[in-house]
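Fold and geometry: a report
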Amino acid sequence: MSGSKKVVIAAMAGNLLIAVTKFVAAVITGSSAMLSEGIHSLVDTGNGVLLLHGMKRAKTPANERFPFGHGKEVYFWAFAVAVLIFALGAGISLYEGVVHLFHPEPISNPLINYIVLGLAMVFEGTAWTIALKEFRRTKGGRGYLEAISRGKDPTTFVVLFEDSAAMLGLLVALLGVLLSQVTGLLWFDGLASIIIGLILAGTACWLAYETKGLLIGEAANPKVVAGIRRAALSMPSIEAVNEVLTMHMGPDYILVNISVTFSPSLGTQRLEGVIAELDRTLKAQDPRIQRVFVEAEATAP
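The structure displayed is predicted, hence computed values, not measured ones.

Right, let's get into the packing of aromatic side chains. Per the counting criterion, the structure on display carries 4 aromatic pairs. Ring geometry for Phe68 against Phe293: centres 6.5 Å apart, planes inclined by 75°, an arrangement best described as edge-to-face. Taken together, the residues span a long stretch of sequence, with Phe68 in the loop between helix H2 (32-57) and helix H3 (73-102) and Phe293 in strand S3 (residues 289-297) at a distance of 225 residues. Take Phe293: its relative accessible area is 34%, and that puts it in the partly exposed class. Measuring from ring centre to ring centre gives 4.5 Å for Phe161 and Trp206, while their planes differ by 45°; the resulting arrangement is tilted. Separated by 45 residues along the polypeptide, Phe161 in helix H6 (residues 154-183) and Trp206 in helix H7 (residues 187-216) bring together distant segments of the chain. Using a relative accessible area of 38% as the deciding quantity, one classes Trp206 as partly exposed.

Shown next as structure tokens:
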């Protein structure tokens, strides 16, 4: 099982268990923040299902209609996750928060909320730790922001974003319940729900921004492009590399279109062999390079 799939499954299991306990607590205590947190965890569980579906669909073989395969399914469903977080998670949390802000209701038996929130932090923290370890493994020596902006597999950082927002939301919910109980000001609970909604909205916007480029067609990382150029120039029969165009058709699928100037002494009979050698060299250099198109340009007079 791949690391990304393990991260998604771990997050789903934790979120489903947490969602059930939060909803039970919300029904018993009448807490708006707890209801928002339950909705948040339920949406995260559904998001995990969508990500797994996208990962499965991405493995569908290429056919006549989709000659480059279905790798971008991962990007589409990651974008759909961002939309759902914004529409369902943030929207419902904001609505519940506004309703309870203007029409606050007392929280009965707040001890249940504290127990549930404590357990949720343990479960959510476990899933967050798993996601963070996998993200650190894949990011290499790059910084966190750089790894997110240049990452080509959105599943890991989507789960990490979700779990980070969940941990922050749990702290806000805990603070809202505590302030409502200590001060007697019931609107703190509704305010906590609104803040949770804003956290989810911000998370959704960031996720949508990061996955948009991948969905449209993002180039391979500069180091990969530079490696392609060096490999081509190392071949004696190639005088110049004019242009290297790349596109990620999926996390592990890079499409390469390279324009080169061949040596004038290279005969037509040898040209096919050189192109085949370049194809083999690039694919051996990076297993993610699966399709290579070579365009020959004439030497300038």
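On to the pairing of S3, then. Where strand S2 (residues 253-262) and S3 come together, 8 bridges link them in parallel fashion. Within the sheet, the bridge partner assigned to Leu255 lies in S3 and is Arg291. Handedness of the crossover joining S2 and S3 through helix H9 (residues 268-285): right-handed.

This part takes up the packing of H2 against H6. The packing of two helices is summarised by the inter-axis angle and the distance between the axes. Here H2 crosses H6 at 175°, and the two axes come no closer than 11 Å. In terms of orientation, H2 lies roughly antiparallel with respect to H6. Together, Ala33, Glu37, His40, Asp44, Asn47, Leu51 and Met55 of H2 and Thr155, Val158, Val159, Glu162, Ala165, Ala166, Gly169, Leu170 and Ala173 of H6 make up the contact between the two elements. Along the lines of polarity and charge, the residues of the contact of H2 with H6 split into 9 nonpolar, 4 polar and 3 charged.

Below, the discussion takes up the environment of Arg230. Position of Arg230 among the secondary structure elements: in helix H8 (residues 222-233). Between the alpha carbons of Arg230 and Val241 there is a distance of 9.0 Å; along the sequence they are 11 residues apart.

UniProt's entry tags residues 7-28, 34-53, 74-95, 111-132, 157-179 and 185-209 with the feature "transmembrane region" (unreviewed entry), counted in the numbering of this structure. In the segment residues 34-53, helix accounts for 100% and strand for 0%; the C-alpha atoms at its two ends are 29 Å apart. Helix makes up 100% of residues 157-179 and strand 0%. Its end C-alpha atoms lie 33 Å apart.

On the surface, Leu17, Leu111, Ile115, Leu119, Val122 and Phe123 cluster together into a nonpolar patch covering about 540 Å² of accessible area. Residue Leu111 is classed as exposed on the basis of its relative accessible area of 55%.

Taken N-terminus to C-terminus, the directions of H6 and H7 make an angle of 170°; their axes are 8 Å apart at the nearest point. Classed by the angle they form, the pair H6 and H7 counts as roughly antiparallel.

Leu51, Val158, Val159 and Leu207 are the most contacted members of the largest nonpolar core, which totals 44 residues. Elements that contribute at least two residues to this core include exactly helix H1 (3-29), H2, H3, helix H4 (110-139), helix H5 (144-150), H6 and H7. Looking at which element gives the most residues to this core, the answer is H6, with 9 residues. Val159 has contacts with Val7, Val8, Ala11, Leu51 and Ala131, leaving out every residue within four places of it along the chain.

The topology assignment puts Glu124 in helix H4. The buried charged residue Glu124 lacks any salt bridge, with Lys22 as its nearest oppositely charged partner at 5.0 Å. When residues no more than four places from it in sequence are discounted, the contact partners of Glu124 are Asn15, Ile18, Asp163, Ala166, Met167 and Leu170.

Sheet topology note: the strand S1 (residues 238-250)/S2 ladder contains 10 bridges and is antiparallel. Note that in S2 the partner of Val241 across the bridge is Val260. Counting the residues in the hairpin turn of S1 and S2 gives 2 residues.

What counts as what
- All residue numbers here refer to positions counted from 1 along the written sequence of the relevant chain.
- Residues qualify for local features only when their pLDDT is at least 70, as the model is predicted, and side-chain atom pairs are given and counted only at 80 or more; totals for whole chains, interfaces and linings, by contrast, use all residues.
- With hydrogens and water stripped out, all remaining heavy atoms of the structure feed into the side-chain values.
- We call Phe, Tyr and Trp rings a pair once their centres come within 6.5 Å, taking the six-membered ring for Trp, and we label the pair stacked below 30 degrees between planes, edge-to-face above 60, and tilted otherwise.
- Strands are runs of DSSP state E lasting at least 2 residues, helices are runs of H or I lasting at least 4, and numbering of each runs from the N terminus.
- A simple rule labels every residue: compare its accessible area, found with a 1.4 Å probe on the protein chains alone, to the largest value its type can have, and call it buried under 20%, exposed over 50%, or partly exposed in between.
- The rule for pairing is simple: two strands pair if DSSP sees at least two bridges between them.
- Crossovers are described as right-handed under a simple rule: with the strands pointing away from the observer, the path leading from the first strand over the helix to the second runs clockwise.
- Lines fitted to C-alpha atoms define the axes here, with helix axes fitted over just the stretch in contact, and angles between the N-to-C directions of these axes take values from 0 to 180 degrees.
- Orientation categories follow fixed angle ranges, with anything under 35 degrees roughly parallel, anything over 145 roughly antiparallel, 65 to 115 roughly perpendicular, and all other angles oblique.
- The contact definition used throughout considers only heavy atoms, calling two residues in contact when any of these lie within 4.5 Å.
- Residue classes follow a fixed rule: Ala, Val, Leu, Ile, Met, Phe, Trp, Tyr, Cys and Pro count as nonpolar, while Asp, Glu, Lys and Arg count as charged, and any other residue, Gly among them, counts as polar.
- UniProt positions are given in the numbering used here, feature names are shortened, and annotations may be inferred rather than shown by experiment.
- By definition, no residue in a patch forms a salt bridge, and every one has over 30% relative accessible area; like charges are joined within 9 Å, nonpolar side chains (Val, Leu, Ile, Met, Phe, Trp, Tyr) within 5 Å.
- Only the protein chains shown count as cover for residues, and the accessible areas themselves come from Shrake-Rupley with a 1.4 Å probe.
- Salt bridge, as used here: a side-chain nitrogen of Lys or Arg that lies within 4 Å of a carboxyl oxygen of Asp or Glu.
- To form a nonpolar core, buried Ala, Val, Leu, Ile, Met, Phe, Trp, Tyr and Cys residues must be joined to one another through side-chain atoms within 4.5 Å.
- The sign given to each residue is positive for Lys and Arg and negative for Asp and Glu; His and the chain ends receive no count.

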